[in-house]
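Per-entry structural report
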Amino acid sequence: MSLLENLGLAPKKRKGAPNIGKKKKEEQKKAQIKRNRIYRGLIFGGFLLIVIVMIPESTFQPVASYSVGEPWRADDLTAPFTFSLQKTEAELEQEKQEIRESTAPIFHHNQNARISIESKLDSLYQSIQPVLDLYLQWQVAKEDELESARNDSIRYYQEKNFAAVEFDERAWNTLTSNYYDIRMQNETQRTSVINDIRNELDSLLNELLNEGIIDKRKEDIEGDEITIRNVRERTERTIKLVNTRDLPETLEYAQYQLSREFSSDVASAALQLFDQVVQPNWLYSESDTERVLQENLANISRTKGAVAQGQVIIRRGDIVTPERANILRSLAQARATAASETERWLRYGGEVIIIIIAALLFFFYLFLYRKSIFNNPAMFLLVFLTLLIICVASALVYTFDDISSLIVPIAVAPIILTIIFDSRVGLMATVTLAIITALIHDNNFDYLVATITACSLGIFSVRDIKKRSQFFFTTPGIVFLTYFLVIGGFALARFSGWEKFMNDTMFIAINSVFILFTYPLILMFEKTFKITTDFTLLELADTNLPLLKELMTKAPGSFHHSLQVANLAEAAASAIGANSLLCRVGALYHDIGKMVKPSYFIENQTEGNEHDKLKAKMSALVIKAHVSDGVKIAKKNNLPEVVIDFIKTHHGTSLIRFFYDKAQKSTENEAEIPEEDFRYDGPLPFTKEQGILLLADGIEAASRSMKDPSYSKLEALITRMVDDHISEGQLSNCPLTFRQIQIIKESFLSILIGVYHSRIEYPDEKKESSKKRATEKETEIKKDSDEKKELPDVKSEEADTEEQSEEQQEKSN
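Residues numbered from 1 in each chain as written. Predicted model: local features only at pLDDT ≥ 70, side-chain atom pairs only at ≥ 80, totals over all residues. Heavy atoms only, no water.

In this section: the overall build of the protein chain. For the protein chain, the helix and strand inventory stands at 32 helices and 10 strands. Counting across all 813 residues of the protein chain, residues that qualify as buried make up 44%. Sequence separation of 24 or more characterises 79% of the internal contacts of the protein chain that already satisfy a separation of 6 or more. Split by element, the accessible area of the protein chain, about 44300 Å² in all, is 54% carbon and sulfur. (Helix = DSSP H or I, 4+ residues; strand = E, 2+ residues; numbered from the N terminus. Buried < 20%, exposed > 50% of the residue type's maximum accessible area, 1.4 Å probe, protein only. Contact = heavy atoms within 4.5 Å. Areas by Shrake-Rupley, 256 points an atom, 1.4 Å probe, with all protein chains shown as cover.)

Here it is, written out as structure tokens:
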């Protein structure tokens, strides 16, 4: 170092552009990390805040937990202070029912009813009188044989038909004949029946209205008294129900009175007239009755007697009877009522601490063992949003006394997280949710054990989904059976009785049905957070889908190759514990780009080779293009991004060696041929599944170019190709270990041995095969020696070309 440099006076060195770009990337990375920390803090803090706010106010429990019918396991309990004894729910309900029956319904006295009846009666008589007069006129004309008799009869019938009176023919005949007889006999001292009816109706209606006619049927009134309110006079009185009448009783009474006064025909006409004018004058007021009923119900005393301070409530070993349980409940309510604000806040603070610890347990699990979730704000939000939905549902259910906490489908959240991520995330979510929801439901130990057990087994049932029926039938059944056994075990241990057990079983059944809502929730999360679950992969693995059918039609060789690669990749992924379903789907779609120019790939060639017409560099461009074409096709068909990554990475940045060597042979200066022009664009595989596909793709293509493949040949081929990929750094970004790579090689070998196994030749087949071998030998002798050497190389290079093209499609996927 020079003197100026030591003094700090030397000119500053300029930083190159690469260093500036690197520094900028580092700054962006730090800023992104800082933003992610803020997002995580907001998500986790929001989760805790909502759960803490939703904690219901729980009751103060006695010194120890207990169950009715079980022995008291704690020490003797004495009353710490004098407290009132609460009535049981059954006692309160009985009192309420008695009040409902004893509360007299309220009726309002309608002052206008009498006036309305008289007005209707006058109107009816005004309609009846013209009919009677016309009848008399007609009869007189008929007796005198006048020509107007016919017209008089028509006028009579017209007037009768249009009269505003509803009489049957018998009533009309009775009234008209009586009216005619009296008028024709000129009996001045005798009145007509119609007038007698009027006088009797006036008297009868006056009597009934004074006693009261109610507009509600007596069968619908529970008590034996009613209250009559006169709003105009501001009076109220209570009378016996038997001293008044409803409308059916009024008609019966009227029929009885009229039949005593008149003959049957006249009584029938009078009753018809009475039925048309009578109406209730005491009208039922539902609002006033309900108001009085609610006031009476509100005045019910919820206590009955008291327990004195120092009185023994229950001794150790005593059976907790319903009566003692009521005393214990009364003590808990008295404690809650008498608790100071400090005690309430301390209790609430304890619950908050437990919730925070349970949430931190899950938080640190993600931090230590699931960095992919922890460092991705979207996935972090998805996880805690799923937990929050269940916590809020539990808090809401707690507010309903008649609904058991077992109705909440806690298993939904762990199952969703298992399907989206893995079973360990689901198990940790189960523990966290079980603790928080058990705390919400009054520290219920039975609920805690049943929830952890049922959710854990539910998680195991969806670890490796192969078909939808596995989820729709198996998972709800397992959850139901587990809850049933655990709750049944506690019921037997505590002798809690069949009624409670059957009630819990009903809620468990509803819980199991609610688990079916997991499927639409997963679909919603897939769309919202742009993730791919096993449900989507199962759909994409169907070879009858239009895209795969198009590949089979346009590039049948590539389709068959994809199927073979899918089998290899799936078996290898299963062997090392990777996602075998994802591997299979990625392999099925990794070569869809070959549909654009299928004839340029050897597996689809039937006549000639299109590359013979092209220069090596152009051939390499065509081969490389199937990756970018595959990405475009995948995006056009809305394939998930995780599948598109397979298309992009299935060749990594490997060299298209056949055309690279061909280009070098075509020029004297090999240095003029840049190697980058003959390499795939990448990126390198960055997951285990993508690394497996890269290996499976090349090995499957190379194995098909082998002659007489044997165990040793296939083993050597697999070892050489895997080692080549490792030495080239194609797996440098993959989290595959050497042990896993060894297992993958063994899996490939076992599959390929099965594909290329030899079989017994029958006598006829032996003759044909020997003739065929002799013919092949003669043909080989006639071939040029250079062609002999070049043919295997060409085939293997074409296989490599196919392998590289398939790998590049996987990248685009």
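What follows concerns helix 17 (residues 445-461). In this model helix 17 runs 25 Å from its N-terminal to its C-terminal C-alpha over 17 residues, within 8% of the 24 Å that 1.5 Å per residue would give. Among the residues of helix 17, D446, Y447, A450, T451, A454, C455, S456, G458, I459 and S461 are the ones counted as buried. The N-terminus of helix 17 is capped by N444, whose side-chain oxygen sits 3.1 Å from the backbone nitrogen of D446. (Expected span 1.5 Å × (residues − 1). Polar contact = N/O pair within 3.5 Å; in protein donor to acceptor, adjacent residues only side chain to side chain.)

Between G682 and the following residue, P683, the backbone shows a cis peptide bond with an omega angle of 5°. For P683, the position within the fold is in the loop between helix 27 (657-665) and helix 28 (688-703).

Relative to the assigned elements, L293 resides in helix 10 (residues 286-298). On the basis of relative accessible area, L293 is assigned to the buried category, the value being 14%. C-alpha separation for the pair L293 and E101, spaced 192 residues apart in sequence, amounts to 9.8 Å.

What follows covers the environment of Y483. Tracing the backbone through its elements, the reader meets Y483 in helix 18 (residues 468-494). Measuring from C-alpha to C-alpha, the distance between Y483 and I508 comes to 6.8 Å, with 25 residues separating the pair along the chain. Setting aside its immediate chain neighbours within four residues, Y483 contacts L406, I410, A450, T451, A454, G488, I508 and N511.

Here the focus is the nonpolar core. The biggest cluster of nonpolar side chains holds 69 residues, and the ones touching the most others in it are F47, F362, L366, F384 and L387. No other element matches helix 14 (residues 377-398), which puts 10 residues into this core. Counting 54 residues, the second-largest nonpolar core is a separate cluster that includes L538, A566, I576 and I741. (Core = buried A, V, L, I, M, F, W, Y, C linked by side-chain atoms within 4.5 Å.)

If you walk through the whole model with that rule in mind, you get 29 aromatic pairs. Through a chain of ring-to-ring contacts, three or more aromatic side chains come together here, namely F44, F47, F362, F363, F364, F367, F374, F380 and F384. Stacked on the ring of W138, the Lys or Arg K142 has its end atom at 4.9 Å from the ring centre. Between R245 and the ring centre of Y253, over which it is positioned, the NZ or CZ distance is 4.1 Å. (Phe/Tyr/Trp six-rings, centres within 6.5 Å; stacked < 30°, edge-to-face > 60°. Lys NZ or Arg CZ within 6 Å of the ring centre and 35° of its normal.)

To continue, consider the pattern of salt bridges. Should the charged atoms of two oppositely charged side chains come close, the side chains can pair. Tallied over the entire structure, the rule returns 29 salt bridges. Linking E225 and K240 is a salt bridge whose minimum nitrogen-to-oxygen distance equals 3.4 Å. Taken together, the residues E225 in strand 5 (residues 225-230) and K240 in strand 6 (residues 235-240) connect sequence positions 15 residues apart. Judged by relative accessible area, E225 falls into the partly exposed class, the value being 31%. A relative accessible area of 40% places K240 in the partly exposed class. (Salt bridge = Lys/Arg side-chain N within 4 Å of Asp/Glu carboxyl O.)

On to helix 9 (residues 264-277), then. Relative to the 20 Å expected for 14 residues at 1.5 Å per residue, helix 9 spans 20 Å between its end C-alpha atoms, a close match to the ideal helical length. Of the residues making up helix 9, those classed as buried are V266, A267, A269, A270, Q272, L273, F274 and V277. As for helix 9, its buried residues are in contact with helix 4 (112-143), helix 6 (169-185), helix 7 (193-211) and helix 8 (247-261).

Before going further, it helps to examine the environment of N609. Among the structural elements, N609 can be located in the loop between helix 24 (580-589) and helix 25 (616-636). Residue class for N609 comes out buried when judged on its relative accessible area of 18%. A C-alpha to C-alpha distance of 7.9 Å links N609 and S599, two positions 10 residues apart in sequence.

A packed helix pair is summarised by two numbers, namely the angle formed by the two axes and the spacing between the axes. Contact geometry of helix 28 with helix 29 (residues 711-728) gives a least axis separation of 10 Å together with a crossing angle of 140°. One way to sum up the angle between helix 28 and helix 29 is to call them oblique. For the pair helix 28 and helix 29, the sense of crossing is right-handed. Side by side, helix 28 and helix 29 meet where L694, L695, G698, I699, A702 and S703 of the first sit next to L714, L717, I718, M721, V722 and H725 of the second. Its residues placed into classes, the contact of helix 28 with helix 29 shows nine nonpolar, three polar and no charged. (Axes fitted to C-alpha atoms, helices over the stretch in contact; angles between N-to-C directions. Parallel < 35°, antiparallel > 145°, perpendicular 65-115°, else oblique. Left-handed = near helix turned anticlockwise from the far one by under 90°. Nonpolar A, V, L, I, M, F, W, Y, C, P; charged D, E, K, R; others polar.)

Among the secondary structure elements, T533 is positioned in the loop between helix 20 (518-529) and helix 21 (534-540). Engagement of the side chain of T533 in a polar contact is seen with the side chain of E526, the distance being 2.5 Å. Filtering out sequence-adjacent residues up to four positions away, T533 remains in contact with I419, I420, I522 and E526.

Right, let's get into the pairing of strand 5. Pairing analysis gives three bridges linking strand 3 (residues 106-109) to strand 5, with the strands arranged parallel. Bridge assignment links I106 to a residue of strand 5, and that residue is T227. Note that strand 5 and strand 6 share six bridges and pair antiparallel. The partner of R229 across the bridge, within strand 6, is E236. Here strand 5 folds back onto strand 6, and the loop between the two strands holds four residues, one of which, R234, carries a positive phi near 55°. (Pairing = 2+ DSSP bridges.)

Let us now look at the confidence of the model for the protein chain. When pLDDT is averaged along the protein chain, the result is 84; 87% of the residues meet or exceed 70. Segment residues 1-17 is flagged for pLDDT under 50; beyond a separation of four residues in sequence, or across chains, it makes six contacts in the model. Segment residues 779-813 is flagged for pLDDT under 50; beyond a separation of four residues in sequence, or across chains, it makes 151 contacts in the model. (pLDDT = per-residue confidence, 0-100.)

We now examine the side chain of Q730. Structurally, Q730 is set in the loop between helix 29 and helix 30 (738-755). At a separation of 2.8 Å, a polar atom in the side chain of Q730 contacts the main-chain amide nitrogen of T653. Other than its neighbours up to four places away in sequence, Q730 contacts H651, G652, T653, S654, R679, L684, P685, L694 and H725.

Taken N-terminus to C-terminus, the directions of helix 7 and helix 8 make an angle of 145°; their axes are 11 Å apart at the nearest point. Helix 7 and helix 8 meet at a crossing whose hand is right-handed. Facing E200, L201, L204, E207 and L208 of helix 7, the residues of helix 8 in contact are T250, Y253, A254, Q257, L258 and E261. Here the contact of helix 7 with helix 8 is built from residues that sort into six nonpolar, two polar and three charged.

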